[in-house]
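The primary structure of each chain is shown beneath.
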Amino acid sequence: MATDIDAEIASLRARRDALRRELTAHASPSLFPATAQQRTYRACAGVTAFRAQDPSPSSSSADGSGGGGFVLGLRIEAMAAARPGCFARPYYVLLEPAGGTGAAADRLRVRSHTVPPCIPLPALAHRYLPQSGERPQDLAGLARALRRAVVRYRVRVGVVAALRAQAGLGKGESAEQGEDGEAEMERQKDEQGTGVLAAGPVRNICAADAEVRQVTIEWEDGRTGRLVLDDDGEVARLVVFDEEGARDLATARKLLTAATKATKG
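Bear in mind the structure is a predicted one, so any value in this text is a computation, not a measurement. (Residues numbered from 1 in each chain as written. Predicted model: local features only at pLDDT ≥ 70, side-chain atom pairs only at ≥ 80, totals over all residues. Heavy atoms only, no water.)

A.B. asks: Even after reading the chapter, I still don't get helix H7 (residues 249–264), so can you show me in this structure?
C.D. replies: Because the α-helix completes a turn every 3.6 residues, residues three or four places apart line up on one side. Taking 1.5 Å per residue as the helical rise, H7 with its 16 residues ought to reach 22 Å, and the 23 Å between its terminal C-alpha atoms agrees with that figure. Within H7 the residues assigned to the buried category are Thr 251, Ala 252, Leu 255, Ala 258, Ala 259, Ala 262 and Thr 263. Viewed along the axis of H7, the buried residues span an arc of 140°, placing them on a single side of the element. For H7, the exposed residues lying more than 90 degrees away from the buried face are Leu 249, Arg 253, Thr 257, Lys 261 and Lys 264. Where H7 begins, the side chain of Asp 248 points an oxygen toward the backbone nitrogen of Ala 250, at a separation of 3.4 Å. (Helix = DSSP H or I, 4+ residues; strand = E, 2+ residues; numbered from the N terminus. Expected span 1.5 Å × (residues − 1). Buried < 20%, exposed > 50% of the residue type's maximum accessible area, 1.4 Å probe, protein only. Arc of directions from axis to C-beta. Polar contact = N/O pair within 3.5 Å; in protein donor to acceptor, adjacent residues only side chain to side chain.)

A.B. asks: Explain the pattern of salt bridges here, please?
C.D. replies: Counted under the stated rule, the structure contains 10 salt bridges. Residue Arg 109 is joined to Glu 96 by a salt bridge in which the shortest nitrogen-to-oxygen separation is 2.9 Å. On the criterion of sequence distance, the pair formed by Arg 109 in strand S4 (residues 108–113) and Glu 96 in strand S3 (residues 91–97) is long-range, its members being 13 residues apart. When the shortest N-O distance is used, the salt bridge between Arg 111 and Glu 96 registers 2.5 Å. With Arg 111 in strand S4 and Glu 96 in strand S3, this pair connects stretches of sequence that are 15 residues apart. For Glu 96, a relative accessible area of 6% corresponds to the buried category. Counted as one network, the salt bridges with shared partners bring together Arg 152, Glu 211, Arg 213, Asp 231 and Asp 232. (Salt bridge = Lys/Arg side-chain N within 4 Å of Asp/Glu carboxyl O.)

A.B. asks: How should I be thinking about the sheet that holds strand S6 (residues 214–219) in this particular structure?
C.D. replies: Strands pair in a sheet through their backbones, by hydrogen bonds, and they do so in one of two ways: parallel or antiparallel. With antiparallel pairing, the 4 strands of this open sheet are ordered in space as S5-S6-S7-S8. If you trace the sheet from one side to the other, it starts and ends with strand S5 (202–207) and strand S8 (235–241), each paired once. Going from strand to strand, the sheet's axes swing by 10° on average, the running direction of each strand aside. Of the strand pairs in this sheet, S6 and strand S7 (residues 224–229) are connected by 5 bridges, and their pairing is antiparallel. In the strand pairing of S7, Val 215 is matched with Leu 227. Its contacts with the sheet place helix H5 (residues 139–166) against S5, S6 and S7, and it is angled at close to 175° to S5. Sitting on the sheet, H7 is in contact with S6, S7 and S8, with an inclination near 145° to S8. (Pairing = 2+ DSSP bridges. Axes fitted to C-alpha atoms, helices over the stretch in contact; angles between N-to-C directions. Contact = heavy atoms within 4.5 Å.)

Okay, structure coming up:
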């Protein structure tokens, strides 16, 4: 099993080195600094495999899975939602040998991860890393499917962040800002929110579920809206109700324009 992991890591390192040579072939250090190279590499190599020391080897050896004190890790890159052009903190998945005898000894299983709970990692692992039967495991397929799910999740988070920016809603200010600062923030929020969503000052925009597939919008005059996003962050459906509970089609059309701009941003 260790030999297979070493071969996989060697193959990925060779691809990484080839990519680096391609990126720097026609660029001088002054025109292509190290930071730019790193960002370009992270953008091109969305998933990186690495071998890491087992953080708790005693637990893995207790069930006979072994692994020689090492685990196979996957690092998944994604862009930050609120900071265009910047990367979010990477997500990690650690895999270990499943143990057993015969063909089952070469199978991998998920040991631990930092993937958000809304990402269906158990279902993906069951599909691509079967622990029994004759189907072979597909580690590359798992990496592709997992990164696709992570990127789609980050895109939906970005839609919410873009809508909040359009409405003039920030991340919140500290209590030390003072009354003058709070009044200025309210004035800016009123101007920006009225100009973009055009239904009065917006009180709050937030995700209605952990998967960020539905977005709730609340106006200070009592209007409420609900956006439904598809997997890729596009607007699938939306509805707006006024303070009396009747549908507000005019505001819904304006909200659709703002939401479409956010998804394209």
